[in-house]
Every structure is written in C-alpha cells, then in structure tokens.
Amino acid sequence: MSKRKVGAAHMPVGECITQVQEILRQRFCRQRVPDRPGGVEAQHKHLLGLLKRTAVHGESNSVLIVGPRGAGKTMLLKCVLRDLMEEKEVQKNLLQVHLNGLLQTDDRIALKEITRQLSLENVVGDKVFGSFSENLVFLLEALKKGDRSSSRPVLFVLDEFDLFAHHKNQTLLYNLFDVSQSAQTPIAVVGLTCRLDVLELLEKRVKSRFSHRQIHLLSSLTFPQYLERVQTQLSLPDDFPDENFAQNWNSSIKAVCEDKSVRDVLQRHFNSSKDHRTMNMLLMLCLSRVSVSKPTIKPADVLEASRMCFSDAKANMLHGLSILELCLIIAMKHLNDIYEGEPFNLQMVHNEFKKFLHRKSSSMYNFEQPVIMKAFEHLQQLELIRPVDGSSAKTQREYQLMRLMLDHSQIMEALQKYPQCPTDVKQWAMSAFG
Amino acid sequence: MKYFTRPKIRRVLQWRGEPISLNRRTKISEYESLVIRVEGLPRTTVINVGQHILIEGEDEENPYVAKVLRLFGDESGTQKKVTVQWYSMVSEVPLSKLKLLGREPHPQEIFYYQGPNCDDEVSAESILRPVKVKHLDGSAPFPDPGDPDSLYVKLSWDSKTFKVVDSALVNPDPAPASCPKPSLPPSPPCSPPAAAPASRGLARRALPTPDPSVMRRAALGEVRYSRASASAGKACYAAEAESLHSATKLSASKCLSAKRRNAMERTPGVRKKLELCSPEKKSMSHTDVLSQLLDEDLESEGMLAQHLSSSPPRTLSLGHRLTPLKKSRRASAAQDASPLKESTGMDSPPPSAAEDSSRELLDKSPQQGGLVEAGLPTSSVKTPRRRNATPRGKYATRGQKASTPSRQKGSKVLKEPALGALAEVDHEDSPMLPVTTPRSSKRKSARLVLSRIKVQLSLLENQQDRDSDSEEEDDFVPSKKELQSSSEEEEEGEEEAGLDSDEDVVVKKRRHASAGSRTPRSKQKTSTRTPRKTPNRKVTPSTPRTPHRATPSIPSRSRPARQPANVLEEARIRLHVSSVPESLPCREQEFQDIYSFVESKIIDGTGGCMYISGVPGTGKTATVHEVMRCLQHAADVDEIPPFHFIEINGMKMTDPHQAYVQILQKLTGQKATADHAAALLEKRFSNPAPKRESTVLLVDELDLLWTRKQNVMYNLFDWPTRRHARLVVLTIANTMDLPERIMINRVASRLGLTRMSFQPYSFKQLQQIITSRLNKVKAFEEDALQLVSRKVAALSGDARRCLDICRRATEICEHSASDPSATGLVGMGHVMDALNEMFSSAYITAIKCASVQEQIFLRAVIAEFRRLGLEEATFQQVFVQHQALCRVEGLQPISVSEGLAVCQRLGACRVLLLEPSRLGVLQRVRLNVSQDDVVFALKAD
C-alpha cells in the first residue's frame, strides 16, 4: 500500500486491474494487431512487397497464405495491411474487399458483397440491385474498364479460401484470377486457408490463372521461444499508466514463467500444439483468476488453468450420470471387451447388467425394464452411445444396435473421480470379465 | 429497346399502270409505281420511283430507309422487286465510327449510304411505308424540333467516312404522288404508348431550347399529317391526297385550302354517317381511320423513340425515362376520368359567349364537321374510350409541355391542366380554326365539341355495346383507378424513389399491357395473333430492376501509378501475363489457320464454326484476339469488309442461357431476358437483312455452356449455317474430344470438323516467349531462362506458369540484391528458389513443423496402418497406439479430448483425411500423404 503514495502516476489497485484485464484481453482475443509479427518476418516482407506493388505500381497479383489454424495468417495480413496503410501513396488508393468463405457461401452472395464493399453504382444504401447475372456482368464491366495506371487497385481478401473453391464452377475465383491476369483494373487476390492441398481444389483453368504464389506459415517454434512468447503476451506495455504496478506485474510474470511446475505445464501445452490460439486460451483462463484481492498471476493459477484446458470433455460428462447409467456404461465396456467393439443393443446391455446383479445378489440395483430403457435413452441423448449407421428406426428400440462413444480410459478416469461410487461397481468395472 | 410484333396481315401488291419498259430476254418489266393494299381495307399506298421508303429491318423498330430507284417484276407478277439506294440510320453506324462525325448526330438524321457490300435489290413485300427525306446543306442546322416524321440527310456514309452529299442525289424531282399510310394494320396500341411518351421526354431533353410555339407547330404538323392520311384513306381521292401530302411540306396556307376543299367534299358523307348511327357496316373503316390516326402517330413516335434510343450518347438517367411516361399515363387517366363527368353536365361549364363563338364556328366552318368526324369514329367504333384516350393523352402532354415548358418533371401535373391542354390540342387538331381565337375560348369550344362527341359516344355505346366490350370496360375501370392512384403515390419522390417503386411500375405496366392486348382482339381478329406476351416483354427493358445507366467503374486513383524504376521492375511488367506482347511467337501456324478461316468467311459473307482446344495457358484466347486485331486492322484499311467481333466466356456468366443475353447485348445493345434474347437472335440470324455485316463470335470456355438439352450449343452452331446469318463462331475449350464427349450428335455435327488443337509449349517455345516479351531488357541469365522453360515444359507447358515463375524470380533477385556477389541479373539460384516455392509440396515442411503430439499421432497412424495392413483406421485404434508411443517417449499420455483435438488439427491441414467429427472416437482416419513422406519427414528431425 505504500507504493501507492510514491509517484504521481499511481492509481488504485482496482483500476490497475481493470486496465490490465482490458489490455491483456484485447491481446488474447486478437482484437489488437501486435506491433510486429513474431516469427514471420520473411513472410511479412514478402506479402508487404507484393501488395505494395499492386498498390503503387498497379501490378495485379494473387497469393495464398497457407498455414494451420492459429498459425497467425490473419494476424500477418492485418499487420501487412496496417503497415501498408501507413504509406501515403497507398492510403487513398487502395480499395479493400474482405470476403469470408463461411459468410459468402455462394457466388451470388459474394458478388453482392463485393459490389457493396466497392460501393459501385448499382448500390443504393446497403442494397444491391439486380439479378445474379446482372451483378456479375456489372462487376466484370467495372473491373474491365480500369487499367493499370489509372484506376485504383482493389485488394480482395478471401478468408477460408478453400470454401470458395466449392462454389459452382468456381465462377468467382475464375473471374478474379482472370482479372488479375489481364490488363484490367489492378487487383490483388489474397486467399487465406489452412488446407495445404488447396491448389488441388482449383479447377484447371482457375489453377492456370492463379499465380501459384503461396506463403506458408508453418511455425518452427522451439520451447524457449514459446516460453518467451508466453511472457511477452502476459507482460504489460511500457506505457502502462501506473509504472510501479507494471513493474511489479512484469516481474511476477517473469517469476511465474521461471517456475518449474509452470514450465512443465507449458511444455505439455507446447507438445500438444504450437498455435497461438490455444496458448491465448490458457492465458485467458489465468488472467480471469486475477482480481483486486489477488493482483498477480501465481503458478497455481497456471496449473489450474491448464487442468481445465486438458480436462476430458466426455469424462466430465460421466460425472453427472446416475449410478444406473454408469452401470450401463460399464456393462457396455465389458461387451466391447468381449465382442471386440461389435455393436450391442439394449437387451445385451441389460443381460450383462443382470449378470452383475446376480453375482452381487443385492437388490439395491433392481430396476424395472422401463427405467433401464429410460436411462439408455438418456445416454443416447448425451451422445455417449450412438446408433450404428445402417440400423434404421424401424427396429424396436430394445434391439437397435449401438456403439459406445467412449474410450476405456475415459470410463476408468471418470470412475476414479465419481463421488461416492459404490465399491462393487468400481470392482466390476475393473474386473477383466463381466 | 422496344420490341413488338406486328400482326401479319395479308398485303396485296399491284403494279399501277403499264410497264414503262420490258426486257424481252429476261422477261422483266419495269414499272412506274406500285400499289400496296391491305386486304380488307379500302385504302392503298402508292410507291413511286424516286420516293423514299421504309423497309423492314432486322427488327420492327429498326426499319431501313431507302430510295426507290427501280420497280420491276417478272411477267407472271409473282416476283416484285425494288432496286433501292440505301440510307443509314444513326443506329446503323457503328459507335466507333460515329465519332468521325465530330458532332452529336441528330436523332432524325440519316446518311446516304455509299458503302460496299450491300444488296440493293429487295423484295417489294418488305416495304413498310413511304417516308419523307429532306436534304440539308452541310452547314445548315437541323430544323429545331423539326417534323417528327421526316428524316434529314446531310452526309453520305461509305462505312469509312462521312462526306457531304449532293441534294440532287437525295431529292426526288417530282413530289411523290401518294398518300402516305402505314401499310400494316395497327399494332397493339398499348405497346407504343409505353415507350413513346418516354421518347418524347427524350426529345425534349435532347433539344436545347424547347420553344413552346415551335413545339406546338410540330405537334400540329404531325396531326395534320395523320389527319390528311386519314381523310385521304377514306375518300380515296388520290389527287387530293397528293396535294395534301405535298402540302405538309408546303406552306400552311396551301394546306389549309386543300383541307378545306377536302373537307367540304367530304361533309355529306360524314353527315350521313352521323345519321346512320349503325356502324356495323362502316365500323371497319372507322376503326381503320382511328387506328390509323393512332398508328401513324405511334409509329412516328416509335421511330423517334428508336432514333433516340439508338443514338449513342446514352446519358439519360432512369428518372428521366420514367417520368414522362408516368405523366402521360396520368394525363390519359385524367382524360379517361373526365368524359364521364363531362357527359353528365354537358352544358354547364362553358360560358355562353364562348359557346356561341364555338357554335358559330361549328356552323360556319365545314372543317368543324371534319373535326366531329374525326372525333366521331372514336365514338362510333366500339373501341374502348381508353384507346383514343391514349394518343390524346400524349397530345395533351405535348401540348402542355409546349405551353409550360418550365414544368419539366411534371411531378405536379394536375388533372385540370391536363384536361385544358387536351382541349387545346383538340383545337390544334383542326388547323383551320382562326388563330386569333383567344386561348380560353378555344379551350371552351373544344370542350364543347368534346362533350358533344361524348354524347354521341354514349349513344352509340348503348346501341352497340357487346358482351366483350362491356367486359372490357369492367376489366378496365379498376385498373385505371389503380393506375391513377399509383401514379399519385409516385408523385412525391419520383426521381429518387424510382427504384423503390419499381415493383409498382411493373405491376402497372402489366395491367396496362394486358388491358391493351385485350383491346385489339375484340376489334380485329387478325391482331389476336399478336402474342400476348409481347407488350409485356417490351415493357421489361424499360422498367429496369437495376439502374441500367449506372456506369460500372472502379474509381480512379488519386495518384498515378509509379513507373518502373529499374531493369527488374521493367522486366516484371513485361513478364506479367496481362501485358500484351508485340507479337505472339510460336503460334504462327495456328494464327495463320484461324486468320485465313475467318477472313475467308468474312469475304465470302458466309458463316462457319471452328473448334479450338488446348490445355490452359497455351495461348488459345490470345491467338484469337490477335487474329481479330489483325482482321480489324484489315477491315479498317478496307482490305476486307467490315465485321463485328463479339466475345462471350462461359465462365463469365452465371447460367448457360445468359449467353443469349450477352450476345444480344453486345450485338445490338438491347437488354432482354434469356428467352427473349434467344428469340431475337434467332430472328436476326434467320432473316435476310440487306446491310448486314459479318459477325465473328468467340465463345470461350465452351464446355460450360453445356445444358442438359444442349440447346445453347445447338443454337450457337446452328446459326452460322443459316443463309443470311453471316456468323462465324470460334469456340474454345480445353479438351480435344469435347464434341465427342459431351455433345449429342446433332450438336457435334453442326460444329463441323474444322478443329484446331493447341499443343502445350515446348521448352524452346517457352524460352522464345520469355525472350520476346523481355524484348532486349537484360534481366535474366540465359541458363536461368532455360531452367524455367524446361521445368515448366516438363510439367504442363503452361505459359502463364512460366511467366509467373520468372516474375517471382525477379522479386527474389531484388530481395537478395544486397548480397555483394549479386550481378543484378536473375540467376539460377533465384529461379530455383522460385521453382521450389511454387512447385514443392508443403506437406513435409508442415509435418516437420507440427507439434510433438501431432508428430506422435502421425507415427501412431502409420503404426496402426502397418498393424492392420489397411490404409484406414478408427481414431480409437490409433489412439491406443498413440498412448503406447507416448509412454515410450516418456511423455504424459494425453486425454481423449486432447487426442481428438490433435487429430482435428491435422485433419484441417489435410495431412489426414477424417470423417465428420461428430463421430468422435469412431471416426475413421486416413493419411493424405504417402507413408514414406511421413516417415521421411519424421526421421529428419
């Protein structure tokens, strides 16, 4: 508390925490573009040069940015665009059109969106007039009228590029690439995709018109780099209002990152995946545990967050089941063991369950057939079991063939953690034979 | 823009008088004049040598203008031919050439045609009607609004240049002795009004100073003209008609006297008719007179409209097009409403003085009888009132415009002024009325006349209303109301809200059109043949769903593009696929073949098809374009006849049937629906047209024009076989055997056997292409070029690829320019880098860069595949292996969820192929890469 009295730039802890939350959340949720692209400088330079040539020289280009999910494709593009827009020559010249394969699911919508974003003259307000074919002709006409030196270059960004390749005849892609290969309005087509085989999706004519430039974003990140990134992601910037708080925060982050257990956890995460998104997810969980009463991140927070990240979804669901449902799952597990994964039906499961009851000769699990049926249906609703594809609804429900959607390890793990699990049930689950 | 089919009526053509000469050998006799008579109608049209006529064009709204030089026929009289001297309408001159004129062409301007390649012998059957052509001196201005029905010649046009033409060539020596009349029976009257008032608006815009008096005179002249023809038609007084016709050209006084004489002679007949009141016998002629009145007007207006619409500067916005139309409609609606009112309280409104004067007029001047007569047919004929209202309405609009030119948009056109204007115009209908009559009295007297007509009308209607008629009335009234109401709705924001009310307009027009198409049916049997759709169709283009005049363009940049600064940049621009090379190397043979094929077809004036195939990037389209450039040049220097080149691309349309739309659009500038466009094209290509240029049609990506019935392809290949089509079709596709593979026999057979295949480029050719493109810009090492071309030739022979690689290599070279060892030229190293970037598969790198767990999962997959001996396993099976491998590696085993996430990540990159993820642990896993590649990538670690 004495710190608060030092310096003019200090703030109450509560306000500091709010600030921290805000800054870091923006960072983790990718709302803010990082100042410099980490680890992809070469690609950044390549893309920037390419787009600059389109914007400045009016040279048409097409390029694909390929990389697994969370590799930073969009981040790279955003960085490049930000840097590009800082140039005066580009600022007023470049028109941008952003499309997303998940939003513009067919060419018709995509065309309307392009016309809207270019605000061509058949756009009134937010509505685009004309039929699909009229729009296409109109757009092509518009692009055809331009030439290299006089019209404003247009940047087309196609997110989820692979989905555009599934449009009928690939009309949009053909036309965009065709424009980029002919003396019309200069355009740059930038496609973002995570599919490495994206070129194989293109029709031969479309493929021929594509320039075959691909920028691969495949991170060859090492663990020390990963650690460093975690630390920078969590650190507060220098221009944080309260300097003291920032210093304390940063040093505590540093300490956390050097902690042995934290490193182990992070190593595990690193082994699992290198992408930015899972890392941000973990850090977000850590951050959400920070409060006024606990103004720093502790190693325990990281461990807890990691535990949440790694916890098995299906095993968690098993915790909420009733004893009867759990027993049925165990019976299914045994059936799977006996018949080597062949599908089963309710009657078989019931028989298996009855065998267990006979052996135990206790009446506490004596359930009526309808009750068991109900439990079975509940399991199906939870998608812990699912009907075999071929068996239709025609067969009676008791005899419908089912498959268990759980792995043995998940069942055993759930049993370990199940609150007040009866010992005989546990033993039954562990025993090799039903 | 507009289109309607006239009902075909049997016309009888007869020679008038004895042949002036007879060629005994050929048995061809020449005549002085020709009489055209429409069956069932009493009047005739006489065509004389030296007269100007309209000849059926490719479509009805584009007739040709010509001067009759010779009329001749064979002995039997079955063949009647006309030798003509052609004139070109503005619309017939290509837009590009129109610039040579150096000024805006006048909408009514025509050019004395001296071009080559024109059949000057036409069948007499195709003559539509006579037309007035005036010669103007080169410097003389066009008569400002001018006579809307006459055309003006200033210049001659020989398909290359415009020259001043001598008046002696144009003007026939004697005044043509014939009564001009539309040789065809009336077209459905509903269709022209839809567009005609619009054209009126256009005219107004086009003319700089719409002087009201001049405008009125123009209207007057037109009316006089039509009246003259009407009366002449009825009386069949040829001499009088002649004088009348010439009178239209001559002074007004002469005309007046002629009219007076004419009217006097006619009066008894008119009286008789009035008394008879049984129009059954006469109705036909009445109808004719009326319809003629209408038709003449409509036709001339149609002409005007067409002139205007086809005149090149299409700057008019939608708002302008729509406005006058609505106005006229409103006016007509107003007029429709007025008779009812007027007929009830007939005598009340006009003050007695005016009444007296008008009565005086009525009594004194026999012309007034003429007026009554002119009005009478409208009543005696069972035409619904609406019909005569339409042209009146137009007059009204015109008169109104003339009197109040400031009321431009007419957004506040009230009923009252419309009515007043109408009355005024009625006066102008009878040009003999003393000009000194004050305007108000004029108006009132006219109203009086009108009301009298209405009394007559109601009387007659009572007598002869038939079921159909009354039904029509019933039908019509509500729609009229709606018209009015909707037009009132639109009054507010007409210009801006034009788009929003589009639907309204369409609905209105539909109604209007359908009401109109019913009208003639009851009237004239022949017109039932008119397809009901036509008016609708005609309407469609004028109610565009998009603002057609919106100019598609990308805004221009604020700063000019930077010019290349160094050799590499220069090279890059030259190597870009888009840059048009000076020549096309390596395709000389193909070029020659296509060139000679198209050239011969153009010279012969025949048609033909050619199929060009080749893998992408082998220069098919580029070669055809080059051929067209050369041919165009040849046509420009007059080596070959001029031709039309249009291009469509199967990939650039959303539906195969759009091909018709695009062809039509590029050929004529018309917009139409696919079906309609197909019909129009069919008509165009199957009917003979004397002044047709050859058309070369390039169909790129032919395979995409495939439809189940293949009718698009069938038509494309069938048109060239038509005798008069003069169509050369060049088709391009990728596969060599496309005709055999996807075309049914009748289509493939029409495509013919003229085929050409573009082979992929060899490495030498590719090298030559790059060298020729670079054109002495020294940017590449020789070896580097060879490497690129050999590599590409081995892979695909795609020139685009080759150029792209070279371009990328220059970039790499530029980036590494800081390296001191660099020579500034693109070397082998750079090219290798570029090749690697473009051709190497990323899978191996992707696997190398994958996370530890992902790599283990891949190993588990391979292990499981080996164990099963299959190339497929479920996730569950692989996961067991994965756990085992984790233990071997000393890693903490992962949970199933995490394993699934790892699996999904690999699946998203398509290293693995997965079933839908809802299957969970049961989903099957396959590798998308060869096992060897995976092993190799994992070992390299």
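Residues numbered from 1 in each chain as written. Chains lettered and ligands numbered in written order. Predicted model: local features only at pLDDT ≥ 70, side-chain atom pairs only at ≥ 80, totals over all residues. Heavy atoms only, no water.

Per an unreviewed UniProt entry, chain B carries the name Origin recognition complex subunit 1 and comes from Xyrichtys novacula. The record held by UniProt for chain B lists under Subcellular location (unreviewed entry) the comment "Nucleus". The UniProt entry for chain B carries the following comment under Sequence similarities (unreviewed entry): "Belongs to the ORC1 family." (UniProt positions renumbered as here; feature names shortened; annotations may be inferred.)

In the nomenclature of an unreviewed UniProt entry, chain A is known as Origin recognition complex subunit 4 of Xyrichtys novacula. UniProt, in its Subunit (unreviewed entry) section for chain A, records the words "Component of ORC, a complex composed of at least 6 subunits: ORC1, ORC2, ORC3, ORC4, ORC5 and ORC6. ORC is regulated in a cell-cycle dependent manner. It is sequentially assembled at the exit from anaphase of mitosis and disassembled as cells enter S phase. Interacts with DBF4. Interacts with POLQ." A UniProt comment under Subcellular location (unreviewed entry) is attached to chain A, and it reads "Nucleus".

S.K.: How do you make sense of the packing of aromatic side chains when you look at a structure like this?
M.R.: Two measures describe an aromatic ring pair: the distance that separates the ring centres and the angle between the ring planes. Tallied over the full model, the rule gives 15 aromatic pairs over all chains. In this structure an aromatic cluster arises from ring pairing among Phe161, Phe177 and Phe210 of chain A. Seen from the ring of tyrosine 761 of chain B, arginine 587 of chain B lies directly overhead, with NZ or CZ sitting 4.2 Å from the centre. Positioned over the ring face of phenylalanine 763 of chain B is arginine 790 of chain B, at 3.7 Å from the centre of the ring. (Phe/Tyr/Trp six-rings, centres within 6.5 Å; stacked < 30°, edge-to-face > 60°. Lys NZ or Arg CZ within 6 Å of the ring centre and 35° of its normal.)

S.K.: Sorry, what's going on with the side chain of serine 306 of chain A here?
M.R.: Secondary-structure assignment places serine 306 of chain A in helix H15 (residues 299-310). Discounting chain neighbours no more than four positions away, the residues touching serine 306 of chain A are Val265, His269 and Leu282 of chain A. (Helix = DSSP H or I, 4+ residues; strand = E, 2+ residues; numbered from the N terminus. Contact = heavy atoms within 4.5 Å.)

S.K.: Looking at this model, I keep getting lost on empty space enclosed by the protein. Mind explaining?
M.R.: By rolling a water-sized probe across the atoms, one finds the places where empty space is left. As a volume, the largest cavity reaches approximately 270 Å³. Surrounding the largest cavity, 21 residues form its lining, Pro68 of chain A together with Cys849, Ala850, Ser851 and Glu854 of chain B being those nearest its centre. Elements supplying a minimum of two residues to the lining of the largest cavity: helix H29 (843-849) and helix H32 (896-908) of chain B. When grouped by side-chain class, the residues that make up the lining of the largest cavity number 11 nonpolar, 5 polar and 5 charged. Shared between two domains, the lining of the largest cavity takes at least three residues from each, and those domains are domain 1 (2-30 + 221-309) and domain 2 (41-216) of chain A. (1 Å grid on protein atoms, 1.4 Å probe; cavity = no way out; pocket = protein on both sides within 12 Å on 5 of 7 lines; lining within 4 Å. Points joined across faces, edges and corners; volume = space filled by probe spheres on them. Nonpolar A, V, L, I, M, F, W, Y, C, P; charged D, E, K, R; others polar. Domains from an automatic or database assignment.)

S.K.: What is the right way to look at the sheet that holds strand S4 (residues 33-38) of chain B in this model?
M.R.: Either a parallel or an antiparallel arrangement is found when strands of a sheet pair, and the pairing is made through backbone hydrogen bonds. Residue and element names in this part refer to chain B. Taken together, 3 strands build an open sheet; the order of strands is S1-S4-S5 and the sheet is antiparallel. Looking at strand neighbours, the two that pair on one side only are strand S1 (11-16) and strand S5 (44-48), the edges of this open sheet. Ignoring strand direction, the axes of neighbouring strands in this sheet form an average angle of 25°. Of the pairings in the sheet, the one linking S1 to S4 comprises 6 bridges and is antiparallel in character. Within S4, the residue paired with glutamine 14 across the bridge is valine 35. (Pairing = 2+ DSSP bridges. Axes fitted to C-alpha atoms, helices over the stretch in contact; angles between N-to-C directions.)

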